[in-house]
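Read off the chains here:
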Amino acid sequence: MGIKVGIIGCGSIARYRHAPEYKANPHVGEIIFYDRNPERAEVLAKEFGGRAVKTVEELLGDPSIIAISDCSSNEAHHINTTNALLCGKHVLCEKPLAINVKYAEKILDAQRKSGKKLMVDHNQRFTKAHQKAKEILDKKELGEVLTFKTTFGHQGPESWGVNKSNSTWFFKKERSHSGVAGDLGIHKIDLIHYLLDDEIEEVHSFYAALDKVDGNGNPIEVCDNVVCACKTKKGRLGTASFSWTYYGSEDNSTIIYCQKGVLKIYHDSDAQLVIEKRDGTIVKYELESIQTNDNQTNTGVVDAFIDSIMNNVKPLVTGEQAVASLRVVEKLLDA
Ligand SMILES: NC(=O)c1ccc[n+]([C@@H]2O[C@H](COP(=O)([O-])OP(=O)(O)OC[C@H]3O[C@@H](n4cnc5c(N)ncnc54)[C@H](O)[C@@H]3O)[C@@H](O)[C@H]2O)c1
């Protein structure tokens, strides 16, 4: 039979990641779709062989549905995820966990009250190159981490979301809140925290809306570019750039500089992880290429979420960790 899961918000991330990953998971029996735009729920129900419901209450009030993916836009997460937890559902919430730390803390309160699992979709941790890098760093094969440089940039979300135009919610202050910082930046902030087993404590940044325009041709209300310098709790120094205006191929690269060498991740086009040792040795790992908007493969996040429910173990990305990354986004935007 398998368990029943619900998806709130039937746009692009639901269509390209959550729905196919639930469908492929052997423990999942049925997917129930809800979107406040009912046609979108119907479309995904047809495409993935599930069922669409017309109201969120039908989803949250159904005791046979035990888990929910919150794939709504940023401003709705603290409402949908909180309600789902308080209705006794396990929740996989999209990033950013909320539009600010205050709302995210309310989600954590609901999680503690409910005793249900809360996982956040910081999927960068799960890629093979990042997993391998984590293994090398944890074993201290290159000694201690000293500095880092991370980047995440692509052509922008107006060609990704279900509304493929400049009137997208991603460009609106009250819905996205943090622009490219909360869209792409938060992925790399979480990745640095994870890889380094550390937390960015201080951040100095510049950010701006350099090029994107909204549906009326005016500069967007949120930033399309961020550059920043960071210091971690353990004293590591790093730089980070996040952009919606890289009008060539996507840049998803991270370089970690250690005492005995350098790790270059998604930097070289043939080898996803390159280790340059201080003694001159070079080791190249050819692992799978990262998921991009044009290359959708199983991220492993839904499998990990279902696994945490079935085996009653702590989710691999916790709400507390997601709040730590959101805190850095708030700091860098000086919110
Ligand atoms: N983890 C990742 O790699 C990744 C990638 C892209 C997007 N995201 C995140 O996923 C979320 C959704 O992004 P998307 O790209 O799918 O956007 P989208 O615009 O394509 O889809 C969002 C959908 O949510 C629906 N929606 C909005 N508010 C709702 C509400 N209150 N109740 C019900 N439905 C509601 C909209 O009608 C729309 O169909 C965002 O938080 C985004 O940051 C994560």
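In case you missed it, the structure is sitting above this.
Residues numbered from 1 in each chain as written. Predicted model: local features only at pLDDT ≥ 70, side-chain atom pairs only at ≥ 80, totals over all residues. Heavy atoms only, no water.

Enquirer: Is there a simple way to think about the site of the ligand in this case?
Expert: Taken together, 29 residues surround the ligand, and among them Asp 35, Asn 74, Trp 160, Val 162 and Trp 169 come closest. At 3.2 Å from an oxygen atom of the ligand is found a side-chain nitrogen or oxygen belonging to Arg 17. Trp 160 is positioned such that a nitrogen or oxygen atom in its side chain is 2.6 Å from an oxygen atom of the ligand. In isolation the ligand offers 840 Å² of accessible surface; the protein chains occlude 92% of this area. Secondary structure elements with two or more residues in the shell around the ligand: α1 (12–24) and α4 (77–86). Per element, the largest residue contribution to the shell around the ligand is three residues, and it comes from α1. When its residues are assigned to classes, the shell around the ligand shows 11 nonpolar, 11 polar and seven charged. Shared between two domains, the shell around the ligand holds at least three residues of each, these being domain 1 (3–121) and domain 2 (124–293). (Near = heavy atom within 4 Å. Polar contact = N/O pair within 3.5 Å; in protein donor to acceptor, adjacent residues only side chain to side chain. Areas by Shrake-Rupley, 256 points an atom, 1.4 Å probe, with all protein chains shown as cover. Helix = DSSP H or I, 4+ residues; strand = E, 2+ residues; numbered from the N terminus. Nonpolar A, V, L, I, M, F, W, Y, C, P; charged D, E, K, R; others polar. Domains from an automatic or database assignment.)

Enquirer: Help me out: how do you make sense of the side chain of Asn 25 in this one?
Expert: Relative to the helices and strands, Asn 25 is located in the loop between α1 and β2 (28–34). Classification of Asn 25 by relative accessible area gives buried; the value is 5%. Side-chain polar atoms of Asn 25 contact the backbone nitrogen of His 27, separated by 2.8 Å. Other than its neighbours up to four places away in sequence, Asn 25 contacts Asp 303 and Ile 306. (Buried < 20%, exposed > 50% of the residue type's maximum accessible area, 1.4 Å probe, protein only. Contact = heavy atoms within 4.5 Å.)

Enquirer: Is there a simple way to think about the nonpolar core in this case?
Expert: The biggest cluster of nonpolar side chains holds 96 residues, and the ones touching the most others in it are Tyr 22, Phe 33, Ile 256 and Leu 332. Top contributing element to this core by residue count: helix α8 (residues 179–196), with 10 residues. When residues of this core are sorted by domain, at least three fall in each of domain 1 (3–121) and domain 2 (124–293). Those residues in contact with Phe 33, other than ones at most four positions away along the chain, are Ile 7, Cys 10, Ala 19, Ala 41, Leu 44, Ala 45, Phe 48, Gly 50, Arg 51, Ala 52 and Val 53. (Core = buried A, V, L, I, M, F, W, Y, C linked by side-chain atoms within 4.5 Å.)

Enquirer: Is there a simple way to think about the environment of Gly 261 in this case?
Expert: Considering the arrangement of structural elements, one finds Gly 261 in strand β12 (residues 261–265). If sequence neighbours within four positions are ignored, Gly 261 has contacts with Leu 142, Ile 256, Glu 276, Lys 277 and Arg 278.

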